[in-house]
Amino acid sequence: MPISLDLWLAFAAAATVMILIPGPTTLMVMGHTMASGPRVGAISLIGVTLGDIGAITLSTLGFSALLAASAEAFLVMKWLGAAYLVWLGIKLWRAPPADMTPVAANRRTAGEAILQTFVVTLLNPKGILFFAAFLPQFIDPARPLLPQVVLLTLTLNILAASIQGCWIAMMGRARHRIVSPRVLKNMNRAGGGMLIGAGLLTAALKRG
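All of these numbers come straight from a predicted model, not from anything done at the bench.

1. Let's talk about the overall build of the protein
Secondary structure summary: the protein contains 10 helices and zero strands in total. When the helices and strands of the protein are listed from N to C terminus, the series reads α-α-α-α-α-α-α-α-α-α. Looking at the protein as a whole, 44% of its 208 residues are labelled buried. Here the contacts in the protein between residues at least 6 apart in sequence split such that 88% fall between residues at least 24 apart. Looking at the protein as shown, the accessible area adds up to about 10,600 Å², and 73% of this sits on carbon and sulfur atoms.

2. Overview of helix H1 (residues 5-20)
Compared with an ideal rise of 1.5 Å per residue, which puts 16 residues at 22 Å, H1 spans 23 Å between its outermost C-alpha atoms and is within 8% of the ideal. Burial in H1 covers these residues: Phe 11, Ala 12, Ala 15 and Ile 19. On an axial view of H1, the arc spanned by its buried residues comes to 100 degrees, and they lie on one face. Within H1, the exposed residues directed more than 90 degrees away from the buried face are Asp 6, Val 17 and Leu 20.

3. Comments concerning a nonpolar patch on the surface
Taken together, the side chains of Leu 146, Val 150, Leu 154 and Ile 158 make up a nonpolar region of the molecular surface, amounting to roughly 410 Å² of accessible area. Within the secondary structure layout, Leu 154 lies in helix H9 (residues 145-175).

4. Comments concerning the packing of helix H2 (residues 24-36) against helix H3 (residues 38-61)
Here H2 crosses H3 at 155 degrees, and the two axes come no closer than 7 Å. Classed by the angle they form, the pair H2 and H3 counts as roughly antiparallel. The interaxial crossing formed by H2 with H3 has right-handed handedness. Taken together, the residues of H3 that come into contact with H2 (itself represented by Thr 25, Val 29, His 32, Thr 33 and Ser 36) are Pro 38, Val 40, Gly 41, Ser 44, Leu 45 and Val 48. Considering only residue class, the contact of H2 with H3 consists of five nonpolar, six polar and no charged.

5. Comments concerning empty space enclosed by the protein
Summed over all chains, the structure comprises one cavity of 30 Å³ or more. As a volume, the largest cavity reaches approximately 40 Å³. If you trace the largest cavity, you find it lined by Leu 45, Val 48, Thr 49, Asp 52, Asn 157, Ala 160, Ala 161 and Gln 164. Sorting the residues of the lining of the largest cavity by element identifies H3 and H9 as the ones contributing at least two each.

6. What to know about H2
If you check H2, its first and last C-alpha atoms are 18 Å apart, about what 13 residues at 1.5 Å a residue would give, namely 18 Å. The buried fraction of H2 is high, at 11 of 13 residues. If you check which residues of H2 are buried, you get Pro 24, Thr 25, Thr 26, Met 28, Val 29, Met 30, Gly 31, His 32, Thr 33, Met 34 and Ala 35. Once H2 finishes, Gly 37 follows within two positions and takes phi at roughly 100 degrees, a positive value.

7. With respect to the environment of Asn 124
In this fold, Asn 124 is placed in the loop between helix H7 (110-122) and helix H8 (125-134). Under the relative-accessibility criterion, Asn 124 is labelled buried at 16%. Along the backbone, Asn 124 and Pro 24 are 100 residues apart, and their C-alpha atoms lie at a distance of 8.4 Å.

Conventions and cut-offs
- Residues numbered from 1 in each chain as written.
- Predicted model: local features only at pLDDT ≥ 70, side-chain atom pairs only at ≥ 80, totals over all residues.
- Heavy atoms only, no water.
- Helix = DSSP H or I, 4+ residues; strand = E, 2+ residues; numbered from the N terminus.
- Buried < 20%, exposed > 50% of the residue type's maximum accessible area, 1.4 Å probe, protein only.
- Contact = heavy atoms within 4.5 Å.
- Areas by Shrake-Rupley, 256 points an atom, 1.4 Å probe, with all protein chains shown as cover.
- Expected span 1.5 Å × (residues − 1).
- Arc of directions from axis to C-beta.
- Patch = residues over 30% accessible without salt bridge, like charges linked within 9 Å, V, L, I, M, F, W, Y side chains within 5 Å.
- Salt bridge = Lys/Arg side-chain N within 4 Å of Asp/Glu carboxyl O.
- Axes fitted to C-alpha atoms, helices over the stretch in contact; angles between N-to-C directions.
- Parallel < 35°, antiparallel > 145°, perpendicular 65-115°, else oblique.
- Left-handed = near helix turned anticlockwise from the far one by under 90°.
- Nonpolar A, V, L, I, M, F, W, Y, C, P; charged D, E, K, R; others polar.
- 1 Å grid on protein atoms, 1.4 Å probe; cavity = no way out; pocket = protein on both sides within 12 Å on 5 of 7 lines; lining within 4 Å.
- Points joined across faces, edges and corners; volume = space filled by probe spheres on them.

Now the structure itself:
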């Protein structure tokens, strides 16, 4: 094992607490699930995973140092992410009620859900800074770095997918019992509201 069992368990516990605190990415996944169903919500987790891997890679390569040192770089990343989320939220708010038939569900593109969650996760500067401050606490300097980073990244993403998957399953079961176009329209608006809220949350981020 690349790191000691005690250190790995401590990381898993800390990561679980972190994931349970809702952030822009979690709200976006919930918005996808409410508006388009559990299939799209689950697919969007692929984008979250890829975004987290990208953020960890950037923090490992030293990009986090640039964000921490440059107010301009931090603001650019923050406002790009916030604007993207708000735009998606407004688009979803105005969308017509989703067709609940299996044929319509199969027409939904996986690429859109993956791309959206990937962009939002990667454009969250707080995430890059967080990984830069969080991961080193669980790195053993006496052991090779790369295997430790890979193990911690896998652990984080498995925990995130499991926890967010539970939310998707619960929301999906409730959603499939609803067929009223009016209710579905309200669900679109609830999902859009979550995305807009996630964008405002991102815009409110401050450099730690």
